[in-house]
Amino acid sequence: MATTKLLTDAEVEKIPAVKAVFDDIRATRKSDFVNNFWRGLANDPALLKRVWEQLKAVMVADSAIDPLTKEMIYIAVSTANGCSYCIHSHTAAARAKGMTDAQHGELVSIIGLAGQTNHLVTAMQIPVDPQFEVN
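Residues numbered from 1 in each chain as written. Predicted model: local features only at pLDDT ≥ 70, side-chain atom pairs only at ≥ 80, totals over all residues. Heavy atoms only, no water.

The name given to the protein chain in an unreviewed UniProt entry is Carboxymuconolactone decarboxylase family protein, with Mesorhizobium australafricanum as the source organism.

Have a look at this one:
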């Protein structure tokens with residue numbers, strides 16, 4: 001259960017700053033669907049706008065990393081942070097951007113392996129090799 005109110009479309013219509021962001025979300029995503037994350041953030045219009053602008057700058061804008069890879073990175077970080085909501089939402093986004101079952105399987109294997117080796121190296125406090133350090 002949410003710890004904050006999830007604004008309905010009717011409630012959003014009464015708050016011009018929130019409506020503007022929701023309209024932009026819909027236009028950017030070419031969909032009428034606005035997910036619960038944004039509906040929760042809508043309780044704070046300034047925070048909603050700030051986070052949406054950040055997301056667009058990182059996840060939507062043209063960059064050196066392709067959109068599917070960005071979503072797969074987001075899935076990995078969300079897994080590391082234990083965010084079930086983001087895992088589900090970005091897995092759906094990755095699938096919409098063409099992620100196959102085989103790619104998802106490999107991604108899960110990489111996430112599991114990285115988690116295991118991260119824990120092992122942390123437990124053993126292995127020093128970083130000088131060759132890996134940026135000068």
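### Thoughts on the packing of helix H5 (residues 67–81) against helix H7 (residues 101–124)
Just so we agree on the cut-off: Here the axes come from fitting lines to C-alpha atoms, over the contacting stretch only for helices, and the angles between their N-to-C directions go from 0 to 180 degrees. Runs of H or I in DSSP of at least four residues are treated as helices and runs of E of at least two as strands, each being numbered from the N terminus. When an angle is under 35 degrees it counts as roughly parallel; over 145 it counts as roughly antiparallel; between 65 and 115 it counts as roughly perpendicular; any other value is oblique. Each helix crossing is assigned a hand: it is left-handed if the near helix lies turned anticlockwise from the far helix by less than a right angle, otherwise right-handed if that turn is clockwise. Only heavy atoms matter for contacts: two residues are in contact if any of them lie within 4.5 Å across the pair. Side-chain classes follow a simple rule in which Ala, Val, Leu, Ile, Met, Phe, Trp, Tyr, Cys and Pro form the nonpolar group, Asp, Glu, Lys and Arg form the charged group, and the remainder, Gly included, forms the polar group.
One way to put it is that H5 packs onto H7 with a least axis distance of 10 Å and a crossing angle of 40°. Compared by their axis directions, H5 and H7 come out oblique. H7 is crossed by H5, and the crossing has right-handed handedness. Judged by residue contacts, Leu68, Met72, Ile75, Ala76 and Thr79 of H5 engage Gln103, Leu107 and Ile111 from H7. Across the contact of H5 with H7, the residue classes break down as six nonpolar, two polar and no charged.

### Quick notes on helix H6 (residues 84–96)
An α-helix turns once every 3.6 residues. As a result, residues three or four positions apart point the same way. As a reminder of what qualifies: By this rule, a helix spans an expected 1.5 Å times one less than how many residues it contains. Residue burial is assigned from relative accessible area. The probe radius is 1.4 Å, only protein chains are included, and a residue is buried under 20% of its type maximum, exposed over 50%, and partly exposed in between. Comment: arc refers to directions from the helix axis out to C-beta atoms.
End to end, H6 covers 18 Å across 13 residues, agreeing with the expected 18 Å (1.5 Å per residue, within 8%). Looking only at H6, the buried set comprises Cys86, His90, Thr91 and Ala94. All buried residues of H6 project into a common sector of 125° when viewed along the axis, lining one side. Seen from the buried face of H6, the exposed residues on the opposite side, beyond 90 degrees, are His88 and Ala96. Lining the buried residues of H6 we find helix H4 (45–60), H5 and H7. Positive backbone phi, at 105°, marks Gly98, one or two positions downstream of H6.

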